[in-house]
Amino acid sequence: MQKTHTCGELRSSDEGCTVTLAGWVNRRRDHGGVTFVDLRDHTGLVQVVFNPDNSPEAHQDAVPLRIEWVIQVQGVVRKRPAGMENKNLPTGEIEIDVQELVVLNPAKTPPFPINKEEEVDEQTRLRYRYMDLRHERMAKNLVLRHKIVKFIRDYLDQQGFMEIETPILFKTTPEGARDYLVPSRVHPGEFYALPQSPQQLKQLLMVAGMERYFQIARCFRDEDQRGDRQPEFTQLDLEMSFVEREDIMTLTEDLFTNLVKEIVPDKRLLASPWPRLTYQEAMDRFGKDNPDLRFGMELGNISDLAGESGFKVFESVVANGGEVRGLNARGLGDYSRKQIDELVEYVSQFGAKGLAYLAITEEGERRSSFAKFLPPETLQTVIERFEAQAGDLLLFVADQPEIVFESLGRLRVNLADRLELRDPDVLAFSWIIDFPFVVWNEDEKRWDPSHHLFTSPMPEDVSLLDSDPGNARGQQYDMVVNDYEVGGGSIRIHDRNLQEKVFELIGLNPEVAAERFGHMLEAFEFGTPPHGGIAPGIDRLCMVLAGEPNIREVIAFPKNQAARDVMADAPSPVEPKQLRELNLRVVD
RNA sequence: GGUCCCGUGGUGUAGUGGCCUAACAUGCGGCCCUGUCAAGGCCGAGAUCGCGGGUUCGAAUCCCGUCGGGACCGCCA
């Protein structure tokens with residue numbers, strides 16, 4: 001080895017040791033007579049000293065050193081002179097008196113500073129990702145990610161789980177997201193697909209009797225990007241046999257509760273055990289099925305008052321089957337008309353046509369877009385329902401339920417940011433349960449699975465699949481933390497007849513079902529145990545635990561928003577020869 | 001497919017119609033300096049203001065187009 005120690009590990013207890021260190025020049029301070037270099041590796045920094053009194057040769061050799069050069073030094077660990085300690089460094093009690101310096105590799109001036117955290121254009125960061133990853137922040141994130149994955153593996157191993165790899169080249173499933181297709185050279189005109197998740201394969205492992213399976217699984221979806229979505233991402237894919245919903249939730253909750261305590265002890269769990277909300281409750285109280293529970297500001301419903309409110313907007317919406325719901329933004333009662341207009345513009349992108357408001361200033365003065373139309377007793381009921389006081393701002397959306405929930409759910413989070421109600425050190429995990437089994441797809445005029453097509457309905461709701469599918473609930477559970485859905489799972493169907501019934505319900509005709517999922521249906525006839533599982537997203541979880549604003553910060557080599565790798569420049573055109581071999585031709 | 005925001009030395013910013021022959025910090029090069037740790041001091045180099053067109057006596061600045069990036073909507077079983 002070219003080093004005996006890492007840069008970050010030396011302490012005053014190592015005083016007197018002769019050590020060899022290797023790393024990057026983080027910073028250099030040349031005082032003419034004596035030169036200091038902060039030597040960096042991924043474990044941290046240590047100060048190395050080139051003193052001509054100690055080694056004239058090494059001091060001379062250090063003259064040309066520049067930032068990011070890779071060097072090796074041999075020297076003795078010394079306590080720093082009294083008063084010269086650096087309390088900002090874990091290694092600040094000591095320094096290395098260098099005897100010998102070897103330049104392992106010089107370096108060009110980096111494209112952006114490595115030794116300080118500065119917001120650099122993300123394209124430049126991605127183009128030189130190997131340099132970006134030298135930043136302390138990024139190194140920390142990758143270490144955190146490693147620890148999280150290792151904890152998961154160790155924990156599940158102790159619980160009797162086995163990690164099993166499943167194929168990356170698999171079969172297309174056009175029901176879900178768009179597939180990445182891989183042409184087959186030996187089968188012209190035929191394609192593999194990269195898995196959107198190992199869903200089918202893990203269920204087949206249950207058929208195989210594996211009983212407790214997991215995998216840190218790469219998944220691929222050819223959809224447009226977001227701050228929390230990449231075309232390839234990693235999930236903890238987990239499946240168990242002979243279990244009910246409760247078993248999966250208990251195990252998952254225990255896993256992640258222990259993980260947080262062990263890996264991010266500075267973060268506080270808001271509630272343990274995790275709160276459980278039904279889908280309906282989550283929507284009624286928070287307007288979304290991935291609610292941030294770190295703050296209140298719950299939604300309230302005044303649809304019952306709106307019908308005879310005297311306010312035409314409310315009345316006509318309710319008459320047309322819509323709803324009027326609102327929330328109380330405590331502390332924004334002094335918002336100006338302009339600031340309220342900003343909020344209106346914000347909710348407009350979710351389809352809301354406006355916001356009805358009632359603001360009460362700190363002095364108790366009321367301003368409102370609708371109060372004047374309301375009978376005094378009705379207005380009083382509204383005020384009481386939202387416990388409105390001086391300094392409060394009530395905001396209402398009147399529209400079809402989906403728009404009301406979407407607008408207010410987003411507005412609630414937006415307002416919480418303005419009021420700084422979202423404590424970054426708190427983790428509010430929760431479970432959302434009792435999802436509708438299917439949702440009506442108005443465009444296609446059919447029922448779509450609300451989770452995926454292998455999810456089992458609640459046993460007591462199976463009869464509803466024929467009579468009233470919209471009211472059937474699925475055995476599905478979502479794991480939510482701080483406004484992010486970080487995992488979804490379900491108890492699966494293990495009965496061929498029920499699976500076929502579900503295919504029929506969602507409008508998959510039997511021939512297509514047989515072609516795409518025949519292997520699943522067949523497997524169900526060979527003694528499939530009751531089973532279920534969950535798939536928490538590793539990237540999102542790392543992002544939340546690292547306190548990062550987007551998923552790219554916890555992925556070593558992410559794609560940009562256009563799904564492009566700007567470092568390697570992928571995707572890229574290929575040689576005509578490759579296309580010929582694959583029997584492909586590019587049109588257009 | 002759509003909406004919004006951003007492109008100024010290597011990096012981060014300022015400049016929003018003439019005072020710009022483009023400023024500041026940092027980085028880069030050179031010189032000085034034996035205890036700094038964002039070391040310090042002095043000197044120097046470095047930008048056709050993303051690109052193309054237009055308006056104007058005059059454009060980094062206004063307009064149109066285009067390219068690149070980001071946030072979001074659609075999409076994400």
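The structure presented is a predicted model; accordingly, all values stated were derived computationally and were not measured.

What counts, and at which threshold
- Residues numbered from 1 in each chain as written.
- Chains lettered and ligands numbered in written order.
- Predicted model: local features only at pLDDT ≥ 70, side-chain atom pairs only at ≥ 80, totals over all residues.
- Heavy atoms only, no water.
- Axes fitted to C-alpha atoms, helices over the stretch in contact; angles between N-to-C directions.
- Helix = DSSP H or I, 4+ residues; strand = E, 2+ residues; numbered from the N terminus.
- Parallel < 35°, antiparallel > 145°, perpendicular 65-115°, else oblique.
- Left-handed = near helix turned anticlockwise from the far one by under 90°.
- Contact = heavy atoms within 4.5 Å.
- Nonpolar A, V, L, I, M, F, W, Y, C, P; charged D, E, K, R; others polar.
- Domains from an automatic or database assignment.
- 1 Å grid on protein atoms, 1.4 Å probe; cavity = no way out; pocket = protein on both sides within 12 Å on 5 of 7 lines; lining within 4 Å.
- Points joined across faces, edges and corners; volume = space filled by probe spheres on them.
- Near = heavy atom within 4 Å.
- Polar contact = N/O pair within 3.5 Å; in protein donor to acceptor, adjacent residues only side chain to side chain.

Engineer: I'm lost on the packing of helix α14 (residues 496–505) against helix α15 (residues 510–523) in this one. Help?
Structural biologist: A pair of packed helices is captured by two measures, namely the crossing angle of their axes and the spacing between those axes. One can describe the packing of α14 onto α15 by two numbers: an axis separation of 10 Å at closest approach and a directional angle of 160 degrees. Here α14 lies roughly antiparallel to α15, going by the angle between them. As α14 packs across α15, the resulting crossing turns out to be right-handed. Residue-level inspection shows Arg496, Gln499, Glu500 and Phe503 of α14 in contact with α15, the latter providing Ala513, Phe517, Leu521 and Glu522. Partitioned by chemical class, the residues of the contact of α14 with α15 number 4 nonpolar, 1 polar and 3 charged.

Engineer: How should I be thinking about the domain arrangement of chain A in this particular structure?
Structural biologist: In terms of domain boundaries, chain A breaks down into domain 1 (12–105), domain 2 (139–273 + 476–554) and domain 3 (295–421). Using only C-alpha atoms to locate each centre, domain 1 and domain 3 end up separated by 62 Å.

Engineer: How should I be thinking about the layout of surface pockets in this particular structure?
Structural biologist: Its boundaries defined by the atoms lining it, the second largest pocket holds a volume of some 950 Å³. Lining the second largest pocket are 35 residues, with His42, Glu136, Arg137, Ala139 and Lys140 sitting closest to its centre. Those elements that place two or more of their residues in the lining of the second largest pocket are β1 (18–30), β2 (35–41), β3 (44–50), α4 (136–158) and α16 (538–546). Element by element, the count of residues in the lining of the second largest pocket is highest for α4, at 9 residues. By residue class, the composition of the lining of the second largest pocket is 14 nonpolar, 10 polar and 11 charged. Here the lining of the second largest pocket gathers at least three residues from each of two domains, domain 1 (12–105) and domain 2 (139–273 + 476–554).

Engineer: When you look at the protein's contact with RNA strand B in this model, what are you seeing that I'm missing?
Structural biologist: Neighbouring RNA strand B are 52 residues, the closest being Arg27, Met84, Glu95, Arg410 and His451. A distance of 3.2 Å separates a phosphate oxygen of RNA strand B from a polar atom in the backbone of Gly33. Between RNA strand B and Gln123 there is a distance of 3.0 Å, counted from a sugar or linking oxygen to a side-chain nitrogen or oxygen. Every element with two or more residues in the surface near RNA strand B is listed here: β1 and β2. Sort the elements by how many residues they give to the surface near RNA strand B and β1 lands first, with 3 residues.

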